[in-house]
Amino acid sequence: MKQVVRGRFAPSPTGYMHMGNLWIAMLSYVSVRQQGGQWILRIEDIDRQRSQSSYTAGLLQDLDWLGFQWDEGPYQQSRRQSLYESVLQQLEAHNLVYPCYCSRARLHNVSSAPHLGEKRHPYDGHCRELSLAERDQLAKNKKPSYRLKVEDTRVQFLDAWQGLQTKNLKAGYDDFVIRRADGMWAYNLAVVIDDLVMGVTEVVRGCDLLDVTAQQIYLRNQLRAVCHQESASMVIHYKQAPVLLGQDGYRLSKRQHSVTIKDLRESGYTPAMVWSYFVEQVGLGKALSERRRVHSLSDLLTLDLNSSLFKQEIIYM
Ligand SMILES: [Zn+2]
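Keep in mind that what you see is a predicted model, and the values were worked out from it rather than measured.

### Comments concerning the overall build of the protein
Right, on to step 1. Along the backbone of the protein there are nine helices and 12 strands.
Right, on to step 2. Taking 317 residues into account, the globule formula puts the C-alpha radius of gyration at 20 Å, and the protein, at 21 Å, falls close to it.

### What to know about unusual backbone geometry
Right, on to step 1. Of the consecutive residues Gly 73 and Pro 74, the connecting peptide bond is found in the cis state with omega at 5°.
Right, on to step 2. Take Pro 74: it is sitting in strand 3 (residues 72–76).
Right, on to step 3. Despite not being glycine, Asn 95 shows a phi value in the positive range, around 60°.
Right, on to step 4. Along the chain, Asn 95 turns up in the loop between helix 3 (81–93) and strand 4 (97–100).
Right, on to step 5. Overall, Asn 95 belongs to the exposed group, with 8 C-beta atoms counted inside 10 Å.

### Re the packing of helix 6 (residues 187–197) against helix 7 (residues 210–226)
When two helices pack together, their arrangement is given by the angle between the helix axes and by the axis-to-axis distance.
Right, on to step 1. Direction vectors running N to C along helix 6 and helix 7 enclose 55°, while the axes themselves pass 10 Å from each other. The angle between helix 6 and helix 7 places the two elements in the oblique class. Viewed along their axes, helix 6 and helix 7 form a crossing whose handedness is right-handed. Contacts from Asn 188, Val 191, Val 192 and Leu 196 of helix 6 reach helix 7 at Val 212, Gln 215, Gln 216, Leu 219, Arg 220 and Leu 223.

### Description of the environment of Arg 42
Right, on to step 1. Relative to the helices and strands, Arg 42 is located in strand 2 (residues 38–43).
Right, on to step 2. We classify Arg 42 as buried; it has 23 C-beta atoms within 10 Å.
Right, on to step 3. If we skip the residues at most four places from it in the chain, Arg 42 touches Arg 8, Ala 10, Gly 73, Pro 74, Tyr 75 and Asp 194.

### Section: the nonpolar core
Right, on to step 1. Leu 22, Trp 23, Met 26, Tyr 29 and Ala 241 are the most contacted members of the largest nonpolar core, which totals 37 residues.
Right, on to step 2. Of all the elements, helix 1 (residues 19–34) adds the most residues to this core, at nine residues.
Right, on to step 3. Ignoring any residue separated from it by four or fewer positions in sequence, one finds Trp 23 in contact with Ala 241, Leu 244 and Val 282.
Right, on to step 4. Counting residues in each nonpolar core, the second largest holds 27 residues, with Cys 100, Cys 127, Ala 186 and Ile 193 among its members.

### Quick word on helix 9 (residues 271–282)
Right, on to step 1. End to end, helix 9 covers 16 Å across 12 residues, agreeing with the expected 16 Å (1.5 Å per residue, within 8%).
Right, on to step 2. Those residues of helix 9 that sit buried are Val 274, Trp 275, Phe 278 and Val 279. Viewed end-on, helix 9 has its buried residues packed into an arc of 130°, placing them on one side of the element.
Right, on to step 3. Looking at the buried side of helix 9, the elements it contacts are helix 1 and helix 8 (261–266).
Right, on to step 4. Positive phi shows up at Gly 283, right after helix 9, with a value of about 75°.

### Remarks on helix 7
Since the α-helix advances by 3.6 residues per turn, residues separated by three or four positions end up pointing in the same direction.
Right, on to step 1. For helix 7, built from 17 residues, the straight-helix expectation of 24 Å at 1.5 Å per residue is met to within 8% by its first-to-last C-alpha distance of 25 Å.
Right, on to step 2. Within helix 7, the full set of buried residues consists of Thr 213, Ala 214, Gln 215, Gln 216, Ile 217, Tyr 218, Leu 219 and Leu 223.
Right, on to step 3. Buried residues along helix 7 sit in contact with helix 3, strand 5 (145–148), strand 6 (153–159), strand 7 (163–169), helix 6 and strand 10 (237–241).

### Some thoughts on the sheet that holds strand 4
Right, on to step 1. Taken in spatial order, the three strands make up an open sheet running 4-5-8, and their pairing is antiparallel. Both edges of this open sheet fall to strand 4 and strand 8 (177–179), since each of them pairs with a single strand only. Neighbour-to-neighbour, the strand axes of this sheet turn through a mean angle of 45°, independent of strand direction.
Right, on to step 2. With four bridges connecting them, strand 4 and strand 5 associate as antiparallel partners. Paired with Val 97 across the strands is Leu 148, a residue of strand 5.

### A word on the packing of helix 3 against helix 6
Right, on to step 1. Packing of helix 3 against helix 6 leaves a shortest axis separation of 11 Å and a crossing angle of 100°. Taken together, the axes of helix 3 and helix 6 are roughly perpendicular relative to one another. Each of Leu 83, Tyr 84 and Val 87 in helix 3 lies in contact with helix 6, whose residues at this interface are Leu 189, Ala 190 and Ile 193.
Right, on to step 2. Of the residues belonging to the contact of helix 3 with helix 6, the class tally is six nonpolar, no polar and no charged.

### What about the pairing of strand 1 (residues 6–9)?
Right, on to step 1. On strand 1, burial covers both faces: Arg 6 and Arg 8 on one face and Gly 7 and Phe 9 on the other are all buried.
Right, on to step 2. Alignment of strand 1 against strand 2, held across four bridges, turns out to be parallel. Looking at the pairing, Phe 9 lines up with Leu 41 of strand 2.
Right, on to step 3. In this region the chain leaves strand 1, passes through helix 1 and returns to the parallel neighbour strand 2; the handedness of that crossover is right-handed.

Cut-off values and rules
Residues numbered from 1 in each chain as written. Predicted model: local features only at pLDDT ≥ 70, side-chain atom pairs only at ≥ 80, totals over all residues. Helix = DSSP H or I, 4+ residues; strand = E, 2+ residues; numbered from the N terminus. Rg over C-alpha atoms; globule rule 2.2 N^0.38 Å. Buried ≥ 20, exposed ≤ 12 C-beta atoms within 10 Å, placed from the backbone. Axes fitted to C-alpha atoms, helices over the stretch in contact; angles between N-to-C directions. Parallel < 35°, antiparallel > 145°, perpendicular 65-115°, else oblique. Left-handed = near helix turned anticlockwise from the far one by under 90°. Contact = placed C-beta atoms within 7 Å. Core = buried A, V, L, I, M, F, W, Y, C linked by C-beta atoms within 7 Å. Expected span 1.5 Å × (residues − 1). Arc of directions from axis to C-beta. Pairing = 2+ DSSP bridges. Nonpolar A, V, L, I, M, F, W, Y, C, P; charged D, E, K, R; others polar. Right-handed = clockwise from strand over helix to strand, strands pointing away.

Spelled out as structure tokens, the structure:
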């Protein structure tokens, strides 16, 4: 039996929906629908400082208004923390994670060591080999973060849009944090657990996440050993889309005055007007088989996802 494609849209509710969110929502939706699959909506609101329930409500309203229909969800990561906790305990029981007591100052010194042309800030594995006695001593003064033990590994995956990706993970240096000292779950951990448990088979997102994809694949492989999910053996297919930038070179999500769907609706735009504006701004016309006007999300279901448009890293709009 052919496996059902399960895709997801997983926004963080840290603002109202903008063109960058719409881009990823649309692409993940169209891809899943073209394959007769299911579309899951997941709200990634574990960052309690930045997430707001009013933004979650806004996202749901905008998605609905624009014609998106989700098959499952909305799930909220903030309500799934006991699941993350139980997975952390399992990883700990299998000796796959360790507590890190490093101070911010120490981490800063480590990460500012010059590595020419390197964007990442590797850890040095300092707390990996602490004895139990040393840990007990350090625990008196500081709550630890938890890091995943990463062994030397070459991770390779094929991204449908960005091509074959290879990344070498280095033991100790790529031991990334999965829970911060203040108790906040790392993005990587929550995403990997949720994709696994929800049986996600396709991830469409911005190609700015290509870098962390190797870490996520590594963590997923580790989780296979500790959780007995049937879905753990599934392979995720990645489609990482060009990032939309404003003409000024800033990411739409980061721009102060980035136009939101809410703004457009409140200034009298109809969904049809939003879609045709969006199609024109992104230059989607060349990926449409028929040169017709787009008035709705369903008009985009004929989008040619093999178009070279999606193989770029950046689209200016
Ligand atoms: Zn440490």
